[in-house]
Amino acid sequence: MNFKLSNPTRLYFGDQSLSYLSSELNNVKRLLLVYGGGSIKKEGIYDKVIDILKSETIEIFELSNVPANPTLDKVNEGTQLCINNNVDFILAVGGGSVIDCAKAIAVAAKYEGDIWDVIKHKKPANDKIPFGTILTNSATSSENNYYSVISKTDTLEKIGWAIWPLNFPVFSIVNPAFTTSVPKMHTIYGIVDIMSHLIEDYFHAKDINHPIISITDRHIETMLISMMALGKKLVNDLENIELRTSIAYIGTQALSTQDRHITEGDWACHAIEHAISAVYDIPHGGGLAIVIPHWMKFAVKKAPHKFVQFAANVMGLKQQPDLSDYEFGCLGITAFEAFLKTIEAPLKLSYYQIDDREMDQMVSKTFGSLQTIGKLVSLNHQDVKDILLSCL
Ligand code: NZQ
Ligand code: ZN
């Protein structure tokens with residue numbers, strides 16, 4: 001087991017966390033404020049941040065209307081603002097889309113050339129404008145990791161990219177109170193996305209009896225069990241600060257754990273979902289809620305042992321001697337689907353009016369230049385097509 005680890009992000013968590021913003025911006029003179037479609041103005045977060053920036057006599061430039069599934073066009077717009085105004089710090093205030101857009105702008109503003117080449121991992125980059133984040137939606141862990149996902153609308157591509165450790169925020173402020181206004185559907189998407197990151201890392205190809213894997217698996221199981229209990233309550237009690245705090249705590253870790261460097265999980269569901277949202281621009285968590293159970297139904301046939309563990313340790317089912325591993329694994333998947341129904345997550349692509357018309361396009365976007373995806377279960381083009389057809 002080998003891994004390299006560096007998480008340089010200074011993370012401020014809790015109801016006092018915004019008070020650290022001033023000291024973090026001590027030497028900043030010209031700042032680009034990046035935000036989305038207006039929720040931060042409606043909820044008063046914008047005014048609070050602006051007051052602090054003004055008290056530090058920082059000159060402010062703004063990039064607003066960053067869309068969900070942030071686009072290369074928006075990245076280029078922000079990059080120009082940075083270059084034209086000699087910006088020395090970027091502050092992202094929003095959910096994963098806003099943070100991911102800021103990550104790309106930060107690198108693009110210091111990169112001579114087309115940032116899309118860097119995003120597609122064709123060219124290296126090693127400099128950035130420093131950036132910090134104020135999180136308003138718990139979902140991606142982008143506030144605490146070095147990943148970013150950017151869409152290019154003309155070619156219908158949605159690419160996840162990562163430069164370690166360059167793309168970590170300098171600091172992130174996670175005040176769970178800022179997430180209490182996230183609407184119900186986006187709250188559901190966030191719950192699903194956090195769980196999906198844990199699930200991707202849990203369904204790995206490593207030996208489940210290895211002593212280190214038995215630690216990482218138990219850790220992931222604990223977070224998944226907690227997420228199900230919290231998620232069921234939160235969807236009916238959106239402003240509950242204790243629930244929001246617990247979910248923000250897990251959300252900040254899910255795609256940022258040490259475990260994931262050990263397990264090197266499957267990640268096929270994310271590849272498939274990114275292709276769906278590249279073609280149809282649907283919310284990431286909604287796509288995952290649809291894809292994951294259908295991927296599970298495919299994968300359980302190939303790797304039942306891992307689904308036995310999931311059924312028993314995550315879904316809490318009692319093993320039955322008369323059932324095969326496959327049959328017991330399927331019971332776990334049914335229980336997981338029931339959980340998704342309880343939180344009112346979408347379960348079929350028809351929820352977003354998606355039919356089979358762009359099927360080949362979605363399959364091809366899933367793979368890019370790869371021949372196969374998935375670690376626990378290797379999928380080829382036909383396998384992904386079968387999974388997507390079962391999602392319709
Ligand atoms: O645009 P505004 O007005 O801010 O509204 C947003 C948006 O409509 C709203 N929202 C956010 N905070 C709110 C709020 N509304 C009311 N009150 C608040 N406090 O929520 C909507 C969704 O926001 P968005 O940022 O798009 O959601 P999320 O955090 O789920 O981010 C999704 C993006 O992240 C990518 C996804 O693919 C997608 O592009 N991912 C990023 C990852 C990463 N960087 O590590 C990993 C993930 O697997 C994922 O792929
Ligand atoms: Zn995700």
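Residues numbered from 1 in each chain as written. Chains lettered and ligands numbered in written order. Predicted model: local features only at pLDDT ≥ 70, side-chain atom pairs only at ≥ 80, totals over all residues. Heavy atoms only, no water.

**Some words on the overall build of the chain**
Defined as follows: Secondary structure is summarised from DSSP: a helix means a run of H or I of at least four residues, a strand means a run of E of at least two, and numbering begins at the N terminus for each. Note that the radius of gyration is over C-alpha atoms, with the globule rule given as 2.2 Å times the number of residues to the power 0.38. Only protein chains enter the area calculation, which uses a 1.4 Å probe; residues under 20% of their type maximum are buried, those over 50% are exposed, and those in between are partly exposed. The contact criterion used is simple: two residues touch if any of their non-hydrogen atoms lie within 4.5 Å. Working definition of accessibility: Shrake-Rupley area with a 1.4 Å probe, residue cover restricted to the visible protein chains. When charges are tallied, Lys and Arg are placed among the positive residues and Asp and Glu among the negative ones, while His and the ends of the chain are skipped. Every charge is mapped onto a representative atom, which is NZ of Lys, CZ of Arg, CG of Asp or CD of Glu.
When helices and strands are tallied, the chain shows 16 helices and eight strands. Relative to a compact globule of 392 residues, whose C-alpha radius of gyration would be 21 Å, the chain shows 21 Å and is just as compact. Taking the principal axes of its C-alpha atoms as reference, the chain extends roughly 70 × 45 × 45 Å. The buried share of the chain, reckoned over its 392 residues, is 57%. In the chain, of all internal contacts separated by at least 6 residues, the share reaching a separation of at least 24 is 77%. Carbon and sulfur atoms provide 50% of the accessible area of the chain, an area that totals close to 16,300 Å². If the 35 positive side-chain charges of the chain are averaged to one point and the 44 negative ones to another, these points end up 1 Å apart.

**A closer look at the side chain of N144**
Structurally, N144 is set in the loop between strand 5 (131-135) and strand 6 (147-152). Excluding its chain neighbours within four sequence positions, the residues that come into contact with N144 are N7, T9, L11, F168, T252 and S256.

**A word on the site of ligand 1**
Short version of the rule: Residue proximity to a molecule or strand is established when one non-hydrogen atom of the residue lies within 4 Å of it. Between N or O atoms, a polar contact is any pair within 3.5 Å; within protein, one atom must be a potential hydrogen donor and the other a potential acceptor, and residues adjacent in sequence are included only when both atoms are from side chains. In the scheme used here, Gly and all other residues not listed as nonpolar or charged are polar, with Ala, Val, Leu, Ile, Met, Phe, Trp, Tyr, Cys and Pro taken as nonpolar and Asp, Glu, Lys and Arg as charged.
Near ligand 1 you find 32 residues, and of these G37, S39, G96, S97 and D100 are the closest. In the environment of ligand 1, an oxygen atom lies 2.9 Å from a nitrogen or oxygen atom belonging to the side chain of H270. In isolation ligand 1 offers 960 Å² of accessible surface; the protein chains occlude 89% of this area. Secondary-structure elements contributing two or more residues to the shell around ligand 1 are helix 5 (96-108), strand 6, helix 7 (184-202) and helix 11 (268-280). Broken down by class, the residue content of the shell around ligand 1 amounts to nine nonpolar, 20 polar and three charged.

**Looking at the coordination of the zinc ion (ligand 2)**
Here is the rule: Each metal site is built from N, O and S donor atoms within 2.8 Å (3.2 Å for Na, K and Ca), and since water is not included, such sites may look incomplete.
Looking at the zinc ion (ligand 2), one finds its protein donor set to be D193 (OD), H197 (NE2), H270 (NE2) and H284 (NE2), positioned 2.0 to 2.2 Å from the metal centre. Here the donor residues of the zinc ion (ligand 2) are spaced in sequence according to D-x3-H-x72-H-x13-H. With a gap of 77 residues between them, D193 in helix 7 and H270 in helix 11 connect regions that are remote in the sequence. Classification of D193 by relative accessible area gives buried; the value is 2%.

**Things to note about the confidence of the model for the chain**
As a reminder, the rule being used: Along the chain, pLDDT gives the predictor's confidence residue by residue, from 0 to 100.
Averaged over every residue, the pLDDT of the chain is 97; residues scoring 70 or more account for 100%. No element of the chain has a lower mean pLDDT than helix 10 (residues 259-263), which averages 93, and none a higher one than strand 4 (residues 89-94), which averages 99.

**Comments concerning the packing of aromatic side chains**
Our working definition: Only Phe, Tyr and Trp rings are paired, with Trp represented by its six-membered ring, and only when their centres lie within 6.5 Å; those with planes under 30 degrees apart are stacked, over 60 edge-to-face, the remainder tilted. Put simply, a charge is over a ring when the Lys NZ or the Arg CZ is close to the ring centre, within 6 Å, and near the line of the ring normal, within 35 degrees.
Evaluation of the coordinates by the stated rule reveals 15 aromatic pairs. The interplanar angle of 25 degrees and the centroid separation of 6.2 Å between the aromatic rings of F336 and F339 together place this pair among those described as stacked. Taken as a pair, F336 and F339 lie in helix 14 (residues 325-342) at a separation of three residues, close to a single helical turn. Overall, F339 belongs to the buried group, its relative accessible area being 3%. One aromatic cluster is present, built from ring pairs that chain together Y202, F203, W295, F307, F310, F336 and F339. Over the face of the ring belonging to Y202 we find K306, whose NZ or CZ atom lies 4.1 Å from the ring centre.

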